[in-house]
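# Topology and contacts: notes
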Amino acid sequence: MTPSNYVLAVDDDPDILLAFKDVLELEGHRVLLARGGREALELLRHGARPSVILLDLMMPDVNGWEFRDRQLADASLAPIPVVVISGQGVSAREVAALGVDDYLRKPVDVEQLLGAISRYVLAEQEHPQPV
């Protein structure tokens with residue numbers, strides 16, 4: 001199954017999820033939300049194929065490290081790009097060990113967020129409309 005043109009945001013903080021959704025949708029992106037690693041894995045196992053995953057690391061059910069281990073263990077999910085977004089003092093070495101595509105610190109700068117996801121997903125207004 002090929003990736004769809006949307007972002008999957010994974011965070012246990014509902015306010016952060018809504019902020020991601022609001023900012024990204026205002027920029028023309030479609031967004032799917034998961035309130036933790038477990039919910040994100042379920043969405044992926046049931047066929048969700050985002051263009052990129054925004055992943056928090058510190059979550060109570062399945063944290064970002066566990067999510068990434070499970071994602072990489074599944075050949076159909078492993079190729080989906082991941083941008084880690086964390087407020088914790090995570091070292092560059094820890095992020096590199098995750099094998100993710102990018103890392104942003106919370107609080108996230110909107111321009112950095114948009115720049116990070118623009119490499120993987122186009123805003124809806126960038127798609128040619130059928131005539």
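Residues numbered from 1 in each chain as written. Predicted model: local features only at pLDDT ≥ 70, side-chain atom pairs only at ≥ 80, totals over all residues. Heavy atoms only, no water.

### Some thoughts on the side chain of R68
Defined as follows: Secondary structure elements are taken from DSSP: a helix is a run of H or I of four residues or more, a strand is a run of E of two residues or more, and numbering for both begins at the N terminus. Each residue is assigned to one of three classes by its accessible area relative to the maximum for its type, calculated with a 1.4 Å probe on protein chains only: buried under 20%, partly exposed between the two thresholds, exposed over 50%. For the purpose of charge, His is not counted, nor are the chain termini; Lys and Arg are scored as positive and Asp and Glu as negative. Salt bridges are defined by distance alone: a side-chain nitrogen of Lys or Arg within 4 Å of a carboxyl oxygen of Asp or Glu. Contact definition: two residues touch when any of their heavy atoms are within 4.5 Å.
With respect to the secondary-structure elements, R68 resides in helix α3 (residues 64-73). An unpaired buried charge is present at R68: no salt bridge exists, and D101, the closest side chain of opposite charge, is 5.0 Å distant. Those residues within four positions of R68 in sequence are excluded, and the remaining contacts are A78, I80, V82, L98, G99 and V100.

### Overview of the pattern of salt bridges
Overall, the coordinates contain 6 salt bridges when judged by the stated rule. Note that K21 and E25 form a salt bridge whose closest N and O atoms lie 2.6 Å from each other. One end of the pair is K21 and the other is E25, both in helix α1 (residues 14-26) and 4 residues apart, which spans about a single turn. Where D102 meets R119, a salt bridge forms, and the shortest distance between an N and an O atom there is 2.4 Å. Pair noted here: D102 is in strand β5 (residues 102-105) and R119 is in the segment after α5 (110-118), with a separation of 17 residues, a long-range link. Taken together, the shared-partner salt bridges in this structure form one network comprising D11, D56 and K106.

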